[in-house]
Amino acid sequence: MPSLSHAQARQPSDAALSRFDPLPRIICLDDFDRGFCGWTQLVGNYEDSLDAMLPGYAQHSSPMLSTLSHWDIGSHGGVDGDYALKIATGPRPGAQNVTIKRLTYRRAGPIRLEAYVTFKPEANALKLSETDVRSFGFLFDLQVGDTTPGERVMPHLRFLNASSGEHVQKWQFKRQSVPIVPIGTENKTISHYHLSPDGWEDLPGGAQRLCYNEIPTKVNWHYICFDFDLSSMQCTGFRCNDRVFDMSGFDSLRLPAMKNLWCMLNLAFFAETDSGKRAFVYIDSVCLSGDF
Amino acid sequence: MRMSNSAVVTRNITWSGLAHSEPYEAGWAGEAVIFVRALKPGIGGAGIAHVEMSADGMNWAREGTSFPLPTSENEVTFGRVSHFGNWLRIAAEFPEGASLTVLVTLHFKS
C-alpha cells in the first residue's frame, strides 16, 4: 500500500519532477507548456443523434491552453512556464465542464495522481468574487481487467468552494450511484452523469481554506496528491497543500463492470460555477505515477 | 513539428437572432480555421458569422473576417484568421425567424 509518507517516493533530480513526489514509475508527466499532453473534452455518449446526449455532457467544450491572461495584469502564467490547461464553464449557475485523459493500466497496483491546479471566476466584475466558483475537482474512471472479477470504480473528490453564495470551502466525495440511462436502440451504450449536483458527501475533516488572494485576477497554485490502489480499488491517501486528510471514510462510485472498459484508467478534472459567471479551472501540470 | 489542435466549442446548439460561440484562448497559435457545420437543416434565411477577437475574453471586437453560415444539413462553411492575439469567437447573426443547429470547431496551428 502506498502511504502519504513521501519518504518512499523517488527523489528526482530534474526540475520538472522535483515538485512532485511520484511513485517509482512515471506513467505520465504532463506539463502544459508542451501542449495538451492528451487531455481532451469529456464528451457524452450518443447513438444515431447527438440529441441522445445527456444535458450534463452536452454543455462540455474543449479545454484550452491559457496564459491566465487578465484584463488588468496581462498574462499570469503557470508555475514555471507560460501555459496551463484551462477548462471554462458556461455563464450559467451550475454549469460544468470536464477535461479527461484516457489510458489503460499495465498492473493493478498503487497509483498516485499529483497536480498543481487553481480556480477563478471570470473577472468581469470589480469584486472579490470568491464565491462565484462552486467547485473544482478530479476523478478517476477505472475498471478491472477482463479476467478479474470486479467493478467499474469512479473515485470523485471535489472542493466545494461555494454554494448559493455561501463560501463553504470543504472537500467532498461521491459514492452514490446515479441513474444509468440507455442510449440509442442497439443496447450497446449507456450514459450516467456522475457529476450531477446530487449525492456529494462531506469528507470527514475535509474543511480547508485555500489561498484565493485579494482580487479575482491574482492567482495562486495549489498542490494535490491522491493515492489509489487498483488492486483493492480503494483510496489510500489524499493531501492538498499542507493538509493530509483521513480517507478512511472515503468511498467511490461503483458500477457493474462494463463490456468495453477493461483496464480503463481515465483521469479527469472538472469545474462548476455557482453564479452567472464562467468558472475557470487551470491545471499547470499533472504527474501520474505507479508502483510497478 | 508545428503544434496543432482542434477544439469543439459549440455542439448541437440551435442559434437564432444574435449568438456567439464560447470564448477560446489560443495565444500559442499563429493561425486558425473556424468551421461551422449545420447538424440539421436550417430554418428560415441564411445567417452570417463574424470572427471576433478580444484582449480579455470579455470585451470583443470584429476581426474583419465574415462568412456565410450553412443552410442545409451537413453543409460546412469556414473562415480563416491569423494574427488574432489570444481570444477568439464567432458572432452569428440570423434574419428574423431563422435558426440553425450548429457544430462550431476551431482548428489551430502554431
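Small disclaimer: the values here were computed from a predicted structure and weren't measured.

S.K.: Sorry if this is basic, but what is going on with the overall build of chain A here?
M.R.: The helix and strand tally for chain A stands at two helices and 21 strands. Relative to the compact-globule value of 19 Å for 292 residues, chain A shows a C-alpha radius of gyration of 18 Å, a close match. Dimensions along the principal axes, computed over C-alpha positions, put chain A at roughly 55 × 50 × 35 Å. Per-residue burial for chain A yields a buried fraction of 58% across its 292 residues. Accessible surface, chain A as shown: approximately 11,700 Å² in total, 49% of it carbon and sulfur. Taking the average place of the 28 positive charges on the side chains of chain A and the average place of its 33 negative ones, the gap between the two points comes to 0 Å.

S.K.: Would you explain the nonpolar core in this entry?
M.R.: In a soluble, globular protein the nonpolar side chains are often hidden away together inside. If you look at the biggest cluster of nonpolar residues, it comprises 84 residues, and the most contacted ones within it are A:Trp171, A:Phe226, A:Phe238, A:Phe269 and B:Phe108. Ranked by residue count, the leading element in this core is strand β21 (residues 279-290) of chain A, at seven residues. Grouped together as the second largest cluster of nonpolar side chains are twelve residues, A:Tyr57, A:Leu195, A:Trp200 and A:Ala268 included.

S.K.: Would you mind showing me how to read the pairing of strand β8 (residues 87-93) of chain B here?
M.R.: For a regular strand, the rule is simple: side chains alternate between the two faces of the sheet. All names here are of chain B. In terms of burial, β8 is a largely internal element, six of the seven residues being buried. Sheet topology places strand β2 (residues 18-20) next to β8; three bridges connect them, and they run antiparallel. Pairing of His20 across the sheet is with Ala91, part of β8. Here strand β3 (residues 24-25) runs beside β8; their pairing, made up of two bridges, is antiparallel.

S.K.: I would appreciate a short explanation of the pattern of salt bridges in the present structure.
M.R.: Here the idea is simple: oppositely charged side chains can pair when their charged atoms come close. One pass over the structure, following the stated rule, counts 23 salt bridges over all chains. Salt-bridge contacts for A:Asp132 lead to A:Lys277; the nearest nitrogen and oxygen are separated by 2.7 Å. With A:Asp132 in the loop between β8 (110-121) and β9 (133-143) and A:Lys277 in the loop between β20 (264-273) and β21, this pair connects stretches of sequence that are 145 residues apart. The class of A:Lys277 is buried, set by a relative accessible area of 11%. Among the salt bridges present, the one from B:Glu31 reaches B:Arg2, with a minimum N-O distance of 3.2 Å.

S.K.: Which parts of the structure should I look at to understand the interface of chain B and chain A?
M.R.: Chain B puts 22 residues into the contact, and the matching count from chain A is 29 residues. It is B:Arg11, B:Glu25 and B:Met58 that lose the most area in chain B upon contact with chain A, and together they represent 35% of the buried surface on that side. Counting across the interface, chain B meets chain A through three salt bridges. For the salt bridge of B:Lys40 with A:Asp51, the shortest nitrogen-to-oxygen distance reads 3.0 Å. For the pair chain B and chain A, the number of links is twelve residue pairs in polar contact (both at pLDDT 80 or more). For the side of chain B that touches chain A, the elements supplying multiple residues, two or more each, are β1 (4-16) and β3 of chain B. Broken down by element, the residue count for the side of chain B that touches chain A peaks at seven residues, all from β1(B).

S.K.: Sorry, what's going on with the sheet that holds strand β7 (residues 76-82) of chain B here?
M.R.: Residue and element names in this part refer to chain B. Ordered by their spatial adjacency, four strands build an open sheet running β1-β9-β4-β7, and the pairing between neighbours is antiparallel. What marks the edges here is a single partner per strand, and that holds for β1 and β7. Each adjacent strand pair in this sheet contributes to an overall mean axis angle of 15°, direction not counted. Where β1 and strand β9 (residues 99-109) come together, eleven bridges link them in antiparallel fashion.

S.K.: When you look at the side chain of A:Gln169 in this model, what are you seeing that I'm missing?
M.R.: Position of A:Gln169 relative to the elements: it lies in strand β12 (residues 166-174). Once residues lying within four places of it in the same chain are set aside, the contact partners of A:Gln169 are A:Phe159, A:Leu160, A:Asn161, A:Ala207, A:Gln208, A:Arg209 and A:Leu210.

S.K.: Looking at this structure, I do not really get unusual backbone geometry. What am I missing?
M.R.: Negative phi is the rule for most residues except glycine; trans is the rule for most peptide bonds. A positive phi angle, close to 60°, is found at A:Gln169, a residue other than glycine. Judged by relative accessible area, A:Gln169 falls into the buried class, the value being 14%.

S.K.: Explanation requested: the packing of aromatic side chains in the structure shown.
M.R.: Remark: the centre distance and the inter-plane angle together describe each pair of aromatic rings, the angle taken between the planes. Residue and element names in this part refer to chain A. One pass over the full model with this rule turns up 27 aromatic pairs over all chains. Ring centres of Trp39 and Phe269 lie 5.6 Å apart, and the angle between their planes is 50°; on these two criteria the pair is classed as tilted. Of this pair, Trp39 sits in the loop between β1 (25-31) and β2 (40-41) while Phe269 is found in strand β20, placing the two residues 230 residues apart along the sequence. Taking the centre distance of 5.9 Å and the plane angle of 65° together, the rings of Phe226 and Phe250 count as edge-to-face. Of this pair, Phe226 sits in strand β16 (residues 222-229) while Phe250 sits in the loop between β18 (243-245) and β19 (253-256), and the two are 24 residues apart along the sequence. Considered together, Phe226 and Phe250 belong to a single accessibility category, that of buried residues. The ring of Tyr116 is capped by Arg19, whose NZ or CZ atom sits 5.6 Å from the centre of that ring. A cation sits over an aromatic face here: Lys86 above Phe280, 3.8 Å from the ring centre.

Each value, and the rule that gives it
- Residues numbered from 1 in each chain as written.
- Chains lettered and ligands numbered in written order.
- Predicted model: local features only at pLDDT ≥ 70, side-chain atom pairs only at ≥ 80, totals over all residues.
- Heavy atoms only, no water.
- Helix = DSSP H or I, 4+ residues; strand = E, 2+ residues; numbered from the N terminus.
- Rg over C-alpha atoms; globule rule 2.2 N^0.38 Å.
- Buried < 20%, exposed > 50% of the residue type's maximum accessible area, 1.4 Å probe, protein only.
- Areas by Shrake-Rupley, 256 points an atom, 1.4 Å probe, with all protein chains shown as cover.
- Lys, Arg positive; Asp, Glu negative; His and termini not counted.
- Charge placed at Lys NZ, Arg CZ, Asp CG, Glu CD.
- Core = buried A, V, L, I, M, F, W, Y, C linked by side-chain atoms within 4.5 Å.
- Pairing = 2+ DSSP bridges.
- Salt bridge = Lys/Arg side-chain N within 4 Å of Asp/Glu carboxyl O.
- Contact = heavy atoms within 4.5 Å.
- Buried area = accessible area lost by both parts, 1.4 Å probe.
- Polar contact = N/O pair within 3.5 Å; in protein donor to acceptor, adjacent residues only side chain to side chain.
- Axes fitted to C-alpha atoms, helices over the stretch in contact; angles between N-to-C directions.
- Phe/Tyr/Trp six-rings, centres within 6.5 Å; stacked < 30°, edge-to-face > 60°.
- Lys NZ or Arg CZ within 6 Å of the ring centre and 35° of its normal.

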